[in-house]
Amino acid sequence: MAAIHQLIVRNASLKGQSVDLYITGNRISRIVPHPSASVSSPDSPDAVCVDAQGMSVFPAFYNTHNHAAMTLLRGYADDLLLMEWLEKHIWPAEARFTDEHIRVGVRLACLEMIKSGTVLFNDMYWKEEVALPVVEAMGLRAALGVLLIDTQDSREQERNFGLLEQFVPKPDGRVSLAVAPHSVYTVSGELLRKSAEAARRNGQKIHIHLCETQGEVESCLKQHGCTPVAYLDRMGFLGDDVIAAHVVHVTDEDIRLLAERGVTVAHCPVSNMKLSSGIAPVQKMLEAGCRVTLATDGCSSNNNLDMREEMKIAALLAKVSSGPQALPAGEVLRMATRAGAETFGWDAGAVEEGRLADLILVRNDRACMTPMFHPESNWVYAADSSLIDTVICDGRMLMQGRKVEGEEEILADARRIAATLR
């Protein structure tokens, strides 16, 4: 019988207490005060021990809306309105993407996410079958949304539906496919219904942009006589398997429907601000019982995949619109971690015995983390992602000492292929 993988994290700070964490297989098996008696004689002779002196342990991040391959378009077109940005710059550049662009862009995204503490991302893009083996090799979790949009011809749409139907996840289940109709303004009612039916038939998540701009809402009101949320609800599209990205321009009735149907909201504050889309009513949504998660969107509208930065900006933006007590540190940290994990059915997002071991070790001995009255507040408001020393996903270390295997090659490949887009 093969030995069970065991990882021991020694002397980590957890909520102000020094602890040892035992990870057996892919789960946290024990959390005990440091020093623990069995550290000198671990349960497995092949156990890997990590010295976490001077570090705090936090749950890793779950990024619930992304376009991973768009790392190659970071800074490609900035300071523009959404539709001008899309139609005149981003879509023409994407039309030049080959399979190699997708592979290299996704690898770069995975590297950036590991370096900034993210272990799961919910993607929406072209050719997710090309991205899938890249994500598996990088060791991350992902839901890869197979894009459906009216500009695809019938053969391409059927090919994508076939890909979704035939997909068989690997036993570890870290990477799955999702159904990703782009939005109500780019996808017909017929294709939206077909997308939802396919997802529910296959037990897959549905990923869609929703109410991102005022123009989207006005167009839907003119065409269908109702808001995008109400439009989707009328056709039976909304449900607890739907992840709706942005959700900026919504009415109180829209919010009630989203909460009632169990829809997950992927809040993207940086992208929303950069594209001048508006401020999502996050506090209202939380008070109504919506599950609200946190996301970066793609690198061409953020322009990074740094979820720690997203936490701070989300909290500050909520306070600007809803008062200083809105979105406190603990709540926004939960949005970025546990709420995202729960969205995809992962028993993770918290540093607790029995949970999946998706963890980060953060330096707490640096100037910006001193003093440490409230660890969560320091992590949300004072830190930056360069303090992340170690990233553990599914019980395996993806980064230690801020080193990720193969990162020099990944960066060189990205620079090389980005030059083809000039």
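Details of the structure are given in the entry above.
As a starting point, this report considers the structure included with it.

Reading the values: rules and limits
Residues numbered from 1 in each chain as written. Predicted model: local features only at pLDDT ≥ 70, side-chain atom pairs only at ≥ 80, totals over all residues. Heavy atoms only, no water. Buried < 20%, exposed > 50% of the residue type's maximum accessible area, 1.4 Å probe, protein only. Helix = DSSP H or I, 4+ residues; strand = E, 2+ residues; numbered from the N terminus. Pairing = 2+ DSSP bridges. Right-handed = clockwise from strand over helix to strand, strands pointing away. Axes fitted to C-alpha atoms, helices over the stretch in contact; angles between N-to-C directions. Parallel < 35°, antiparallel > 145°, perpendicular 65-115°, else oblique. Left-handed = near helix turned anticlockwise from the far one by under 90°. Contact = heavy atoms within 4.5 Å. Nonpolar A, V, L, I, M, F, W, Y, C, P; charged D, E, K, R; others polar. Salt bridge = Lys/Arg side-chain N within 4 Å of Asp/Glu carboxyl O. Phe/Tyr/Trp six-rings, centres within 6.5 Å; stacked < 30°, edge-to-face > 60°. Core = buried A, V, L, I, M, F, W, Y, C linked by side-chain atoms within 4.5 Å.

### So, the pairing of strand β7 (residues 118–125)
- Summarising burial for β7: eight of the eight residues are buried, a large majority.
- Summarising the sheet, strand β6 (residues 61–66) and β7 pair through four bridges and their orientation is parallel. Bridge assignment links Asn-63 to a residue of β7, and that residue is Phe-121.
- Taken together, the six bridges between β7 and strand β8 (residues 141–148) define a ladder with parallel strand orientation. Residue pairing across strands places Leu-120 opposite Arg-141, the latter belonging to β8.
- The handedness of the β7 to β8 crossover, carried by helix α3 (residues 128–138), is right-handed.

### A closer look at the packing of helix α2 (residues 99–115) against helix α15 (residues 407–418)
- Viewed as axis vectors pointing N to C, α2 and α15 meet at an angle of 135°, and their least axial separation amounts to 9 Å. Relative to α15, the element α2 lies oblique. Crossing hand, α2 versus α15: left-handed. Across the interface between the two elements, Glu-100, His-101, Val-104, Arg-107, Leu-108, Leu-111 and Lys-115 of α2 pack against Glu-407, Glu-409, Ile-410, Leu-411, Asp-413, Ala-414, Arg-416 and Ile-417 of α15.
- Split into classes, the residues belonging to the contact of α2 with α15 amount to seven nonpolar, one polar and seven charged.

### Focus: the packing of helix α4 (residues 154–166) against helix α5 (residues 189–202)
- Between α4 and α5, whose axes approach to 10 Å, the crossing angle comes to 15°. Here α4 is positioned roughly parallel relative to α5, judged by the angle of their axes. In this structure, α4 crosses over α5, and the sense of that crossing is right-handed. Residues Gln-157, Glu-158, Phe-161, Leu-164 and Glu-165 of α4 lie in contact with α5, whose contacting residues are Leu-191, Lys-194, Ser-195, Ala-198, Arg-201 and Asn-202.
- For the contact of α4 with α5, the class distribution of residues is four nonpolar, three polar and four charged.

### Some words on the environment of Asn-160
- Relative to the helices and strands, Asn-160 is located in helix α4.
- Here the alpha-carbon distance between Asn-160 and Glu-129, two residues 31 residues apart in the chain, equals 9.6 Å.
- In contact with Asn-160, not counting residues within four places along its chain, are Val-146, Leu-147, Leu-148 and Gln-152.

### Overview of the pattern of salt bridges
- Here the structure, examined in full by the defined rule, presents 29 salt bridges.
- Put simply, Asp-358 and Arg-141 hold a salt bridge, and the shortest N to O gap is 2.8 Å. Within this pair, whereas Asp-358 is found in the loop between α13 (338–343) and β14 (359–363), its partner Arg-141 is found in strand β8, the two being separated by 217 residues in sequence. No difference in accessibility class separates Asp-358 from Arg-141, as the two residues are buried.
- With a closest N to O distance of 3.7 Å, Asp-413 and Arg-416 form a salt bridge. Placement of both Asp-413 and Arg-416 in helix α15 is noted, with a separation of three residues, approximately one turn of the helix.
- A relative accessible area of 41% means that Arg-416 is categorised as partly exposed.
- Within the structure, one salt-bridge network assembled from shared partners comprises Arg-27, Arg-334, Arg-338, Glu-342, Asp-347, Glu-352 and Arg-355.

### What to know about the environment of Ala-12
- Among the structural elements, Ala-12 can be located in strand β1 (residues 6–14).
- Setting aside its immediate chain neighbours within four residues, Ala-12 contacts Gln-17, Ser-18, Val-19, Leu-21, Ala-52, Met-55 and Val-57.

### A short note on the packing of aromatic side chains
- Considering all chains together, one arrives at three aromatic pairs under this definition.
- Ring geometry for Phe-61 and Trp-379: centres 6.0 Å apart, planes at 10°, overall stacked. Pair noted here: Phe-61 is in strand β6 and Trp-379 is in helix α14 (residues 375–382), with a separation of 318 residues, a long-range link. The two residues Phe-61 and Trp-379 agree in class, both being buried.

### A word on unusual backbone geometry
- Of the consecutive residues His-34 and Pro-35, the connecting peptide bond is found in the cis state with omega at -5°.
- With respect to the element layout, Pro-35 can be found in the loop between β3 (27–33) and β4 (48–51).
- Here Asn-302 and Asn-303 are connected by a cis peptide whose omega angle stands at 20°.
- The residue Lys-127 is not glycine, and still its phi comes out positive at about 50°.
- Looking at the secondary structure, you find Lys-127 in the loop between β7 and α3.
- For Asp-297, which is not a glycine, the phi torsion comes out positive at approximately 65°.

### Overview of the nonpolar core
- Counting residues in hydrophobic clusters, the biggest one holds 126 residues, and the most contacted among them are Leu-232, Phe-237 and Trp-379.
- For this core, the leading source of residues is α2, giving nine residues.
- Apart from residues lying up to four places away in sequence, Phe-237 is in contact with Pro-181, Leu-192, Ala-196, Arg-200, Ile-206, Ile-208, Leu-232 and Val-242.
- Leu-21, Ile-28, Ala-52 and Ile-392 belong to the second largest nonpolar core, which has 17 residues in total.

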